[in-house]
Amino acid sequence: MSSSRSIRFYYDLISQPCRALYIFLQQTKIPHEKCPTALRKWEHTTPEFLQNVNRFGKVPAIVEVPSQFKLAESIAILRYLTREHPVPDHWYPRDIRRRARVDEYLEWQHANTRTHCASYVRYIWRGPLRGEPMEGRIAERLRAEMIACLDFIETNLLSDEPRYIDGGTEITIADLIAACEIEQPKLTGYDARVGRPRLAAYMQRVREHTQPDYDEAHQVLHKFAPKVA
């Protein structure tokens, strides 16, 4: 990709996919302009944003400069950037089978890690902030579904060996997506690491590999998260 091309990156770090993309951009040094977009102020729904940035009214989103090519959806953005920029191969391997394993998790997580962790957080944390009523029966169901998903990751996707979410020995974009989603329940006081030694070790590997960008991306989450016993 020509060095004269860069991107404008629209994000809010309270968002899991935004954090994943933030870490990726920082780690790979892809030229970009940070464009914070406050979800709490509904800046992602203004006519200007919808017309000039993302017609879906969501973050993250990028606008390529100078072409003005617009792209939404974190997975699509990550895949696009790995093709358009000379990033290290481990992020999205060219080897067809290794890439297939990365894609396998990225497709699976939509209806699993993301759905269950985000649904629980939305109901327990974001809903009350907006004055929405909360029913204990629904909260318990969402919590149970999230726990089942996290237990599956602990038992079936991870091992006692120092590997990543695709089973490989090198970090990929799948790990950024996974780790940022697994961090999100901290907003409700739930730490997914507790009682899951494989998951705890895995999360530490991802964090250590991507420092200081990992901690920087999660500052906002830690600001709002209650202390977890």
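Remember, it's a predicted structure, so these values are computed and weren't measured experimentally.

Visitor: Which residues make up the layout of surface pockets, and what are the values?
Guide: By volume, the largest pocket is sized at about 1,200 Å³. Taken together, 41 residues line the largest pocket, and the ones lying closest to its centre are Asp12, Ile14, Ser15, Leu39 and Arg126. Counting only elements with at least two residues in the lining of the largest pocket, the list comes to α1 (16–28), α3 (74–84), α4 (96–110), α5 (113–129), α7 (173–183) and α10 (219–224). Looking at which element gives the most residues to the lining of the largest pocket, the answer is α5, with seven residues. Along the lines of polarity and charge, the residues of the lining of the largest pocket split into 20 nonpolar, 10 polar and 11 charged. Taken as a whole, the second largest pocket spans an internal volume of roughly 170 Å³. Around the second largest pocket, the lining residues are Arg101, Glu104, Tyr105, Trp108, Phe152, Leu157, Ile165, Asp166 and Gly167.

Visitor: I'd like a rundown of the pattern of salt bridges, residues and numbers included.
Guide: One pass over the full model with this rule turns up 18 salt bridges. Arg94 is the partner of Asp89 in a salt bridge, and the nearest nitrogen-oxygen pair spans 2.9 Å. Within the structure, one salt-bridge network assembled from shared partners comprises Glu183, Lys186, Asp191 and Arg193.

Visitor: Can you lay out unusual backbone geometry for me, pointing to particular residues and giving the numbers?
Guide: In this structure, the amide linkage connecting Val59 to the following residue, Pro60, adopts the cis form with an omega of 5°. In this structure, Pro60 sits in the loop between α2 (47–52) and β3 (61–65). Looking along the chain, the bond that leaves Gln211 and enters Pro212 is cis, with omega of 0°. Here Trp42, not a glycine, exhibits a phi torsion of approximately 60°, which is positive.

Visitor: So what about the sheet that holds strand β1 (residues 6–11)? Which residues, and what values?
Guide: In a beta sheet, neighbouring strands are held together by backbone hydrogen bonds and run either parallel or antiparallel to one another. Across the sheet, which stays open at both edges, the four strands sit in the order β2-β1-β3-β4 with mixed pairing between neighbours. Sheet topology places β2 (32–36) and β4 (70–72) at the edges, where each strand pairs with a single neighbour. Adjacent strand axes in the sheet meet at a mean angle of 20° when their direction is disregarded. Here β1 runs beside β2; their pairing, made up of five bridges, is parallel. If you follow Tyr11 over to β2, its bridge partner there is Pro36. Across the sheet, α1 lies against β1, β2 and β3, angled at about 150° from β1, the strand it touches most. Taken strand by strand, α3 contacts β1, β3 and β4, and its axis lies near 125° from that of β4.

Definitions and limits used
Residues numbered from 1 in each chain as written. Predicted model: local features only at pLDDT ≥ 70, side-chain atom pairs only at ≥ 80, totals over all residues. Heavy atoms only, no water. 1 Å grid on protein atoms, 1.4 Å probe; cavity = no way out; pocket = protein on both sides within 12 Å on 5 of 7 lines; lining within 4 Å. Points joined across faces, edges and corners; volume = space filled by probe spheres on them. Helix = DSSP H or I, 4+ residues; strand = E, 2+ residues; numbered from the N terminus. Nonpolar A, V, L, I, M, F, W, Y, C, P; charged D, E, K, R; others polar. Salt bridge = Lys/Arg side-chain N within 4 Å of Asp/Glu carboxyl O. Pairing = 2+ DSSP bridges. Axes fitted to C-alpha atoms, helices over the stretch in contact; angles between N-to-C directions. Contact = heavy atoms within 4.5 Å.

From the geometry alone we can't say anything about function, so treat these as descriptive.
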